[in-house]
Amino acid sequence: MLGLIHAAFSLYWALGGRWLLETVGQGPRELLKSGPLSVGASLGLIALFKAAAAILPVLNGQDRLPWPKLWRGISWVGGVFLILYGGVNTLVAWGVLSGLVASPGYNRSAMLGHAALWDPLFLLWGAALVLHLWLSRPVRT
């Protein structure tokens, strides 16, 4: 569900929505300058990737995909990446907001979004995925 929340927001922004867009930083705003088609295509692909990353481990856990060991390995890499990416970025964002990390002229809305919403969501998504993978690991006899 956590990955699908991320994907849903990317799709929402791809379709022209703007709520919470200021909480993700400069990247999407730069995309907006390139035109609505570029934004829609870019964010649509991001939404598709996030949705696939959220759904494929579940389908694999239900034995609905070919090459289950491959998907399980990819899921492990993805889960660890999400934990590291979300964890480090959450800590850095809180460090900037608290003044422990110098970042003159930062965008406060974007930094709050990364500290309190988007990056913790990545961290929790990764933790849930890794926990699922650990609990569903094959039993060795």
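Values in this document were obtained by computation on a predicted structure and should not be read as measured data.

> Before we go on, may I ask you to explain a nonpolar patch on the surface in this structure?
Residues V88, V92, L100 and V101 make up a contiguous nonpolar surface patch of roughly 370 Å² in combined accessible area. Positionally, V101 belongs in the loop between α4 (68-98) and α5 (108-135).

> Please clarify how the side chain of S75 should be interpreted in this entry.
The topology assignment puts S75 in helix α4. According to the relative accessible area criterion, S75 is buried, its value standing at 7%. Setting aside chain neighbours within four positions, we find S75 in contact with P57, L129 and L133.

> Sorry, what's going on with unusual backbone geometry here?
Excluding glycine, residues mostly have negative phi values, and the peptide bonds linking residues are mostly trans. Non-glycine residue L20 carries a positive phi angle of around 70°. With respect to the helices, strands and loops of the structure, L20 is situated in the loop between α1 (2-14) and α2 (26-33). The backbone of W67 shows a phi angle near 55°, a positive value even though the residue is not glycine.

> What should I look at first to understand the nonpolar core in this one?
Generally speaking, nonpolar side chains in soluble globular proteins are found buried as a group. Among the nonpolar cores identified, the biggest contains 10 residues, and these are F9, W13, A14, L20, L21, V24, V39, L43, W118 and L121. Counting only elements with at least two residues in this core, the list comes to α1, α3 (36-61) and α5. For this core, the element with the highest residue contribution is α1, accounting for 3 residues. Excluding its chain neighbours within four sequence positions, the residues that come into contact with W13 are R18, W19, L20, L21, V24, V39, L43 and W118. Counting 5 residues, the second-largest nonpolar core is a separate cluster that includes A93, V96, L97 and A115.

What counts and what doesn't
- Residues numbered from 1 in each chain as written.
- Predicted model: local features only at pLDDT ≥ 70, side-chain atom pairs only at ≥ 80, totals over all residues.
- Heavy atoms only, no water.
- Patch = residues over 30% accessible without salt bridge, like charges linked within 9 Å, V, L, I, M, F, W, Y side chains within 5 Å.
- Areas by Shrake-Rupley, 256 points an atom, 1.4 Å probe, with all protein chains shown as cover.
- Salt bridge = Lys/Arg side-chain N within 4 Å of Asp/Glu carboxyl O.
- Helix = DSSP H or I, 4+ residues; strand = E, 2+ residues; numbered from the N terminus.
- Buried < 20%, exposed > 50% of the residue type's maximum accessible area, 1.4 Å probe, protein only.
- Contact = heavy atoms within 4.5 Å.
- Core = buried A, V, L, I, M, F, W, Y, C linked by side-chain atoms within 4.5 Å.

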